[in-house]
Each structure stands twice: as C-alpha cells, then as structure tokens.
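Residues per chain are reported as follows:
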Amino acid sequence: MAQLIFLIILVAGGWILYKRFIGDAQKLAAKSRQAERERETGAMGTLIKDPATGEYRVKRPDE
C-alpha cells in the first residue's frame, strides 16, 4: 500500500513538473516570436491602449 501511495505521489509530481515546463516553454516561445516580429518591422516596442485613459503606451515585459 505504501508503494502505491509513493507511486501516485511520484506520478503527480512528475505531471506537475511537466505542465510547468510546457507552460514556461510556451511563454518563452511567444516572447521569442514577439521579439522576432519587432526585429523584422524595426519596431522599438508594442503599443497597447490603456482602457481607463485611452492613451497608448509601450507594452511592459510582464504583460
């Protein structure tokens, strides 16, 4: 019984690490694609509209 519980915990931990790895890889790929598009167009950054003020500003890296 203890071996079964240990196996379940091991599989669950592996699954969590796998999902975290996939999520980080997708974020990194999206950031890389965005940077490549900016290099292709010669842009200095991406502008986004602030819904509260209606003004445009440069997109921060954490958005």
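Participant: I'd love a proper account of helix H1 (residues 2-41), names of residues and values included.
Facilitator: If you check H1, its first and last C-alpha atoms are 59 Å apart, about what 40 residues at 1.5 Å a residue would give, namely 58 Å. Gly42 lies just past H1 and shows a positive phi near 80°.

Participant: Account for the confidence of the model for the protein, with residues named and values stated.
Facilitator: Detail in the predicted coordinates should be disregarded across regions flagged by low pLDDT. Per-residue confidence for the protein gives a mean pLDDT of 91, with 100% of residues at or over 70. For the protein, strand E1 (residues 47-49) is the element with the lowest average pLDDT, namely 89, and H1 is the one with the highest, namely 94.

Participant: Can you tell me about a nonpolar patch on the surface, naming the residues and giving the values?
Facilitator: On the surface, a cluster of nonpolar side chains totalling about 980 Å² of accessible area is made up of Met1, Leu4, Ile5, Phe6, Leu7, Ile8, Ile9, Leu10 and Val11. A relative accessible area of 57% places Ile9 in the exposed class.

So, how was this worked out
- Residues numbered from 1 in each chain as written.
- Predicted model: local features only at pLDDT ≥ 70, side-chain atom pairs only at ≥ 80, totals over all residues.
- Heavy atoms only, no water.
- Helix = DSSP H or I, 4+ residues; strand = E, 2+ residues; numbered from the N terminus.
- Expected span 1.5 Å × (residues − 1).
- pLDDT = per-residue confidence, 0-100.
- Patch = residues over 30% accessible without salt bridge, like charges linked within 9 Å, V, L, I, M, F, W, Y side chains within 5 Å.
- Areas by Shrake-Rupley, 256 points an atom, 1.4 Å probe, with all protein chains shown as cover.
- Salt bridge = Lys/Arg side-chain N within 4 Å of Asp/Glu carboxyl O.
- Buried < 20%, exposed > 50% of the residue type's maximum accessible area, 1.4 Å probe, protein only.

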